[in-house]
Every structure is written in structure tokens, then in C-alpha cells.
Amino acid sequence: MKASDLFVKALEQEGVEYIFGIPGEENLDVLESLRTSSIKLILTRHEQGAGFMAATYGRLTGKVGVCLSTLGPGATNLVTAAAYAQLGGMPMLMITGQKPIKASKQGRFQVLDVVDMMRPITKYTAQIVSGERIASQVREAFRVASAERPGAVHLELPEDIADEEVSPNLITESNVRRPIAEEKSIKHAVDMIELAKTPLLLIGAAANRKMSSKMLTRLVDELKIPFITTQMGKGVVDETKDLFLGNTTLSDGDFVHRAIAHADLIINVGHDVVEKPPFFMRDDDKKVIHINYMAAEVDPVYFPQIEVIGDIANSIWAILEKLQVQKHWDFSYFDKVKAAEEKELPHGCNDDRFPIYPQRLVADVRKAMPANGIICLDNGVYKIWFARNYKAQKPNTVLLDNALATMGAGLPSAMAAKLVHPDRPVIAICGDGGFMMNSQELETAVRLKQHIIVLILRDDAYGMIKWKQANMNFDPFGLDYGNPDFVKYVEAYGGKGHRIESAKQLLPLIEKCIQDHDVHLIDIPIDYSENDDILNNQLRKLSAKI
Ligand SMILES: Cc1ncc(C[n+]2csc(CCOP(=O)(O)OP(=O)(O)O)c2C)c(N)n1
Ligand SMILES: [Mg+2]
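Because the structure is predicted, anything quoted here is derived from the model rather than measured. (Residues numbered from 1 in each chain as written. Chains lettered and ligands numbered in written order. Predicted model: local features only at pLDDT ≥ 70, side-chain atom pairs only at ≥ 80, totals over all residues. Heavy atoms only, no water.)

Caption draft 1: The layout of surface pockets, seen in detail. Of the voids in this model, the largest pocket is the one considered here, and its volume is about 880 Å³. Ser146, Ala147, Glu173, Val176 and Arg178 are, among the 24 residues lining the largest pocket, the residues nearest its centre. Broken down by element, the residue count for the lining of the largest pocket peaks at 4 residues, all from helix H7 (residues 134-146). Of the voids in this model, the second largest pocket is the one considered here, and its volume is about 610 Å³. At the level of elements, helix H15 (382-389), helix H17 (432-437), helix H19 (463-471) and helix H22 (531-544) are the ones that each hand at least two residues to the lining of the second largest pocket. (1 Å grid on protein atoms, 1.4 Å probe; cavity = no way out; pocket = protein on both sides within 12 Å on 5 of 7 lines; lining within 4 Å. Points joined across faces, edges and corners; volume = space filled by probe spheres on them. Helix = DSSP H or I, 4+ residues; strand = E, 2+ residues; numbered from the N terminus.)

Caption draft 2: Here's a closer look at empty space enclosed by the protein. The tally for this structure, following the rule as stated, stands at 3 cavities of 30 Å³ or more. As a volume, the largest cavity reaches approximately 160 Å³. Arg59, Gly88, Gly89, Asn208 and Arg209 are the residues nearest the centre of the largest cavity, which is lined by 15 residues in total. Among the residues forming the lining of the largest cavity, the class breakdown is 5 nonpolar, 7 polar and 3 charged. By volume, the second largest cavity amounts to about 50 Å³. What lines the second largest cavity is Leu87, Gly88, Gly89, Arg149, Ala205, Arg209, Met232, Asp272, Val274, Glu275 and Ala403. Of the residues in the lining of the second largest cavity, the class split is 5 nonpolar, 2 polar and 4 charged. (Nonpolar A, V, L, I, M, F, W, Y, C, P; charged D, E, K, R; others polar.)

Caption draft 3: Local environment of helix H20 (residues 486-493). Within the sequence span of H20, burial applies to Phe486, Val487, Tyr489 and Val490. Projection of H20 onto a plane perpendicular to its axis shows the buried side chains occupying an angular sector of 160 degrees, all on one side. Opposite the buried face of H20, by more than 90 degrees, sit the exposed residues Lys488 and Ala492. Considering only its buried residues, H20 is in contact with H17, helix H18 (441-447), strand S16 (453-458), strand S17 (496-499) and strand S18 (520-525). Measuring from the backbone nitrogen of Val487 back to the side-chain oxygen at the start of H20 gives 3.1 Å, which picks out Asp485 as the cap. (Buried < 20%, exposed > 50% of the residue type's maximum accessible area, 1.4 Å probe, protein only. Arc of directions from axis to C-beta. Contact = heavy atoms within 4.5 Å. Polar contact = N/O pair within 3.5 Å; in protein donor to acceptor, adjacent residues only side chain to side chain.)

Caption draft 4: Representation of the site of ligand 1 in the model. Within the structure, ligand 1 sits among 19 residues, and Asp432, Gly434, Gly463, Met464 and Tyr528 are positioned closest to it. A distance of 2.9 Å is found between a nitrogen atom of ligand 1 and a backbone nitrogen or oxygen belonging to Ala405. At 2.8 Å, a backbone N or O of Gly433 approaches an oxygen atom of ligand 1. When the free accessible area of ligand 1 is taken as 590 Å², the share hidden by the protein chains comes to 77%. In this structure the site holding ligand 1 corresponds to the second largest pocket. Secondary-structure elements contributing two or more residues to the shell around ligand 1 are H17 and H19. Here the shell around ligand 1 is composed, by residue class, of 10 nonpolar, 7 polar and 2 charged. (Near = heavy atom within 4 Å. Areas by Shrake-Rupley, 256 points an atom, 1.4 Å probe, with all protein chains shown as cover. Sits in = over half its atoms within 2 Å of the grid points.)

Structure below.
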């Protein structure tokens, strides 16, 4: 059997549905093997777009997303996406080609040590040096990528190896269950929660990875313990519940930080230090229980006293079996936090000003979206408003990147979300800066006949950095730019373009786009002028009053 055929068979056996990427000469054997396989090739216009799509496929399904590129320049274009998957805990395999390794007449043309280049940003990176190693190396790559904590892996398949004759055997996945927490650690956690006076539940990224939503919802409903979320933990438990006290978007000064300061115990489910810290630990302060698949990585701001390591849903179930509601638990202060926050949250939701007020934008998107609709955020200052103000109701319905926090992933991640969930509305929400970093994938979306909506928040600047610049009392410099006419731009790709000219137009337009088909882009001028005052001053003052 030809090695590239065996390689593709191995991918089929792993359940691969899609490969995202751009082939080069060095992948042509693999491409030919793919042609007659069950795997669908999603050809993109930049390898970075392919990588973000593969990572998001992995994030949403828990299965390994696969992307493909050529050697040298194709592989270097995958680097940011590898880092995105690796830090974000998303299972992803990158397959890159290489010149023949046994004999080549091309000198070092385009040759980089890609295996080594990928080392610091992957869990596993290897060159396949013989066709006989394909079965084991593919299986190992999938095993490592999807094992907790999931991340990026890389296989290099050189041209001459892809063309070898090999014996046609494959290795199937072993029948394996995730390890579960040891009984005594559950007992320690239960004792600590029962002893606490003001326990608070924190839900982080890992709780969004596997099915822990049901058990965590039971914990909240049955024991009435209030909860907060990290940015990547949004939606695991319905944030419209009365017991939801807020998202840890800002570093301090928000209502949620008053709740954290008041808690004597934080039950931290699924947060790890890769996300921006939702709170800072101190020696003389509250206790923390770390409940996760993996042990806590110790950090000056994170050193939990108790760890419950194992499958999260199982750990929560085991805790629920033993934990009793305690009379001395006192959530009255948390009720005050909730009341103050709910009083502030509607601020600006009906504001008619134009360019549009960010709070109005968030409120309108929430109104237009059903509970299972998915928003995919790029990186910019609006991310703060969505993380803080948009109440997620279902797991993985707010896809944002609070780990690498790269620009450019908004559109590709929305495209991957639509492939995984064709029946749900999907909206990409991008700044004019982040959108332009991968806007070429509009062609891919149109070619795939996708129905996605892209909101472009236009301030003609790298707004987030402008905000920080002003905050540091520097003069404005170096962050403004011009933009193409976004309506004409998307139309040139074959999509539908819209521009709003008043705040009132936004909600009905989004609703119409959700009902329609095709790729829609809405150009939305945005007013960031009050960001600094609200996020850095007003919230601080209001929350200090509780
Ligand atoms: C790839 C990448 N480059 C640079 C940054 C630093 N950065 C973070 S936000 C931002 C500005 C984003 O501008 P835009 O997309 O227009 O969103 P806005 O904040 O203006 O709404 C920059 C440059 C980053 N996070 N990722
Ligand atoms: Mg901008």
C-alpha cells in the first residue's frame, strides 16, 4: 500500500471529517489520497485561517481538528494557530510536508526545521521517517492532542516517505476512560466547603471542554451556591440564573470582585493559569479548591490548598453525593452584589446614540440570538463588553480567546462553528483591525455556501491599544488607520453587505440576517469614547458602595 494512502486511512480511522488547509507540492501524494477518501478538504486562503478553524473544530467537538500545510512558509503560517490551540486547550493536529529526506536535489530551498520550530508550541512534534511508523505516530498524535489538557500536535510527512510502499496495518484507539478523583480528595473538598461561611463557585475554561454542564447546574440548583465565570467558562451554567454574580472580565474594580473579596472559599472548577487570572491569591486570605482534570500549575497568584484531580463531571457528582446545605452558609452579601450589578447592567442597553454604544450592541446581539446561537469574538476592546455583559446560556456559545488572545480568529472560528453546528445561528464579532487579519476567508465562507454573519465594529483604529494608551496618559500616536468600504468589500467576495446608519436599525437587521442565508457582513460604526470612564472609574465607584 502507498504510505500516503495508509496515512489518510489512519486519519479516517481516527474519525477525521475535515482537513483545513493549503497543500503545497510536498503534500501532493497526501492530496491524491484524500481525493478518494471520506474526509472533506476545506481549502482556505491562508494557513492561519485553516489552523484557527481546525482548533475551533477541536474546541467544539473535543475531537482533534486537523489542518494541513506545505513545508517552510506554509508551516510558519500555522504557528499562531498552533499557539492558539496550545494555550486555549484545543485539540489540533497540524500536518506539514517536507522535501525528500533520503535524497534531494534542491539544497536547502524552503527547508526549515519545522519539527523543532513547533516544539515550544505543541505537546508533540515529530517527523515521520519511515512509512512503517505511520500507524503508531498518527495514533500517538491523536492520543496526545486530545488527552487533558488538550492542545496542538504536529506531524511532518516528507515527500519521499509519503510515496513509499508500506504494509497496510493500523493501530486502533485503546478503550480508555478518563481517570476519576480519589475518594479522600472528594472528602477533603466536601469538608472544606461545609466548613466555609461564604463559599463561591468559579467556573473556568476546562468546564467548557467536556460535558460538565449538567453536574455543575445541579450543584448550583440544589445547593444554591452562587457562581461566577471566567471568560472561557461562560455558558457552562446558564448565566441568566439569579445565582450568577458576574464574569471576571476586568482585573479588578467590578461588582464580581466584591463577591470574590467577600468569599472565604473559592471552589474553582476548570480554571487554569493560562487564562487571565480571575482573582489573585494571597497567603493570609481565602482558601481555594482546585477541581480540574490536571493538577494546578503553581503561580505567585495561584496556589490552591486542596486539589480534586480527575474527570470534572465525575468529581462534581461525587461531591454532590456527600455535600449537605449548611445553615451557617451566608450568601446575603452576594445578594447585595447581585442587586447592585443587575441595577447597573441595563445601563446603555437602549441608548440610541450613533455611532453605536457598545452596551447597546451587546444587548441587541443577545436579543437577536437564541440560547443556542454561537458568537465568535475576535480580540479588541468590544470583547470586554461581550464577556462582561452578554449572558451565555449554554456551553460553548461564547467562543472567545482569553488564552493567546490573538487577533484574526473571529471569522475563521465562526466558520468552523457553522460547520460543526449548521442548524444554529453563528455570528463573528470583529474589530476592523482583527477582521482584516483574516478577511480573505470570506471567499472560503462564500465558496462553502455558509450562512454566517460578521459584525465589524468600526472605529478606524486599534481601539483596545488606544484605550490603554490614553489610560497611561500618553499622547495619541500610531494607532489610527483607514478602512476599505466593508459593504463593497464583502460584495466583491459574493457576500451581502450592510451598513447601519442609526442604532435602531441594528436589531432588526441582525434578526433579518439570521433568517436569511448567505454570508452577511454588517459595518457598525462604534463609539468607544466612554469605555475608559465606565470601565475604569464608574464601575469602581459603584461597586465600592456595596
Ligand atoms: C495578532 C495580534 N496582534 C496584536 C495584538 C495586540 N492587540 C490586542 S487588541 C488590538 C487592537 C484591536 O483592534 P480592532 O480589531 O480594531 O478592535 P478594537 O479594539 O478597535 O475594537 C491589538 C493591536 C493581538 N492581540 N494579536
Ligand atoms: Mg478597531
